[in-house]
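Residue-level listing of the chains:
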Amino acid sequence: MNILNDIKLEIQSALKVIFTYECHLENITLEETIKNYDGFYTFIIFPHTSNLKQKPEHIGEKLGEYLTVNSSIISDFNVVKGFLNLDLSDNYLISIFNHISNHKSWGYKSSSGKEVMVEFSSPNTNKPLHLGHMRNIFLGYSLSKILEANGYKVHKVQIINDRGIHICKSMVAWNLFGNNETPKSSGMKGDKFVGKFYVMFENEHKKQVDKLVNNGISEEEANLSTGIMKMAKDVLLKWENKENQTVALWKKMNGWVYEGFQSTYDLIDVSFDKNYYESETYLLGKSKIQKGLKNEIFYKEKDNSVWVDLTEDGYDKKILLRSDGTSVYMTQDIGTAIKRFEDFPKIIKQIYTVGSEQDYHFKILFKILEKLNYNWAKECFHLSYGMIDLPSGKMKSREGIVVDADQLIYNMIQTAKKRTNELGKLDDFQNDNSEDLYNIIALGALKYFLLKVDPKKRMLFDPEESIDFQGNTGPFIQYTYARILSLIKRGDSLNLDYKNIDLSKNFQLTNIQKKIINHVYLFSDTIKLSLDMYSPAVIAKYVYDLCKLYNNFYQENKIFDGKEDVTSLFKIKLSYMVSKIIKSALYLLNINLPNRM
RNA sequence: AGCCCUGUAGUUCAAUGGAUAGAAUAGAAGUUUCCUAAACUUUAGAUGCAAGUUCGAUUCUUGUCGGGGCUACCA
């Protein structure tokens, strides 16, 4: 069943009968009727006026009259300027309603067998996760779910930047100041623990730089030649030579970080199917560059550094290997991309969830892969998202101006707890459920807050203002759901068989009920649209509108009136249907639902 | 300097070229003998500026003025 298509066919045949006008389906523009007018869908007449040589109002009237009489779908119409607003008949919407209720999970497509890979998160191992990572992770994870709902098999992966000078810095600082301390002995979360030593390194380094600058050395030179920086470089060299002790410490400290990350991932209900580590892909990248060099895709400078010239493609020249032969960011990404298509030969697409500041990097990466003759290069896609600004400007992780993820979540759980208790929601609640409830609400608020914004756009977060629980928020949707669940519970306790009601042909629907059925129907289109636009925000907007409509209905319609006739049963069934859609939609946003709140 | 993104109510976000530019929040005024008031109703408030294309422009084009990013032998 396809409402848009059904109506278009009716319009097409009406145009033919009334005006002997043959019109292709794709030339019929049909849109949802906007708020202030009666009707469900609007046919836009303007584009056809020149062909029909008549006034749009006249065409609209003729068409509307014909459809109302001859189409079982259309029950009424009105014309405003060049817009023909069409009302859907009760019988048609009831058939839609029955059709949807026969579906196990309305809107989800069955498997197409196609496989895709989605990369997200991709942290460095020297810094804990922050709010920017949260946007990245929720976006990537949600998109994976949206892909699945559209019939794809998805491989969720992250790339972990586990090698390089940054992790060596933490290692040096731990050697110097660590006193064999561990996350366990200090009671710190592993990623926070290692991050602390990274900061210690930077502080000590800065101190030594200042000293050198005071002694008359330029800042640029001082930055490269402090004692502690030399130690870090030495460690990097030892690591590349696979020196036992160094590798052992590296493994140990990264292990702490992974434990820390894992506990955050668990908290936010996110998982990966596979991790990639740069330490395992950078050598492959290097070898591919050597090969490209041999095939003259790349070239060598006098100082032995390797470059690619992309000026013909409208980009600059880009370095691929340093003069000392070590790899750069691009080298590793080339290796990682190739390895992934080797590991999963069936994937037809790879999606990188990475911030918009790397738009240029990915354009070049995909171009290089194309030049290396990988035909899948065209199927690589950079899912670019905007930064999160603070009122003071952008977050700067190097200067510690960030919103820590764990801390933010903790604060939100506390706020949820406080708010719940103020409202007296838990007065008859079992204590053991209450912690779960705070978590569900807090994370629901956070995830919805981050996902409701178009990914491409920058957004603002003010740490001074807590994230709302009212209005267009996660908890609003959770609350709507919890209320429906309590209705269902009551229906069940009265043994009402609302699931198998038979709506006779003459069952009357109210306008708001019709609107709800139509909106539920649109979930299917929304799932597709959200993938086309690579935007979970489309789902968020949809489910919010659904809840608004439902709350409107809830307010105006008493469901249990003592009679419990077919009208009541229908209302329960409609509520049940809405609850299922809310659940399906929030599943795509990775937001959990409480049974009551 | 070049390239890319961006500019909508006080604030945070919407609007596949369509109607009177939607919500939320903050503001003002209401709705609890009745299924959960984290809800609902009413009210006031915005497209940076200037041209162009179009029956129609927040959306496309050009110019202009703001904001951000990238153009690193950092990742």
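Residues numbered from 1 in each chain as written. Chains lettered and ligands numbered in written order. Predicted model: local features only at pLDDT ≥ 70, side-chain atom pairs only at ≥ 80, totals over all residues. Heavy atoms only, no water.

What follows deals with the overall build of chain A. From N to C terminus, chain A includes 21 helices and 15 strands. Its C-alpha atoms put chain A at 90 × 65 × 45 Å along the principal axes. Among the 597 residues that make up chain A, the fraction classed as buried is 51%. Restricting the contact set of chain A to residue pairs at least 6 apart, pairs at least 24 apart contribute 74%. Total accessible area on chain A is roughly 29,100 Å²; 48% of this is exposed by carbon and sulfur atoms. (Helix = DSSP H or I, 4+ residues; strand = E, 2+ residues; numbered from the N terminus. Buried < 20%, exposed > 50% of the residue type's maximum accessible area, 1.4 Å probe, protein only. Contact = heavy atoms within 4.5 Å. Areas by Shrake-Rupley, 256 points an atom, 1.4 Å probe, with all protein chains shown as cover.)

Next up on the list: helix α8 (residues 190–214). A rise of 1.5 Å per residue sets the reference length of α8, with its 25 residues, at 36 Å; its end C-alpha atoms lie 37 Å apart and thus fit the reference within 8%. All of the buried residues along α8 are G190, D191, F193, V194, G195, F197, Y198, F201, H205 and V209. One or two residues past the end of α8 sits G216, with phi positive at roughly 90°. (Expected span 1.5 Å × (residues − 1).)

Moving on to the domain arrangement of chain A. When its domains are assigned, chain A resolves into domain 1 (3–88), domain 2 (162–271) and domain 3 (405–588). If you average the C-alpha positions of domain 1 and of domain 2, the two centres end up 68 Å apart. (Domains from an automatic or database assignment.)

Next up on the list: the sheet that holds strand β10 (residues 317–321). Reading across the sheet, the three strands line up as β8-β9-β10 and stay open at both edges, with antiparallel pairing between neighbours. With partners counted over all chains shown, the strands left at the sheet margins are β8 (299–300) and β10, one partner each. Bridging between β8 and strand β9 (residues 306–309) involves two bridges; their strand directions are antiparallel. Directly across from Y299, in β9, lies its bridge partner W307. (Pairing = 2+ DSSP bridges.)

In the structure shown here, the tally under the stated rule is 26 salt bridges. When the shortest N-O distance is used, the salt bridge between K514 and D87 registers 3.5 Å. One end of the pair, K514, is in helix α18 (residues 511–521); the other, D87, is in strand β4 (residues 83–88), with 427 residues separating them in the sequence. D87 shares its class with K514; the two are buried. For the salt bridge of K192 with D404, the shortest nitrogen-to-oxygen distance reads 3.1 Å. Here K192, found in helix α8, pairs with D404, found in the loop between β14 (393–394) and α15 (405–422); they are 212 residues apart in sequence, far enough to count as distant. Looking at D404, the relative accessible area reads 22%, which means it is partly exposed. Salt bridges sharing partners connect three or more residues here, namely K189, D191, K192, D404 and D406. (Salt bridge = Lys/Arg side-chain N within 4 Å of Asp/Glu carboxyl O.)

Structurally, L549 is set in helix α20 (residues 536–556). With 37 residues separating them along the chain, L549 and I512 place their C-alpha atoms 7.4 Å apart. Each residue touching L549, except ones within four places of it in the same chain, is listed here: I512, K515, I516 and H519.

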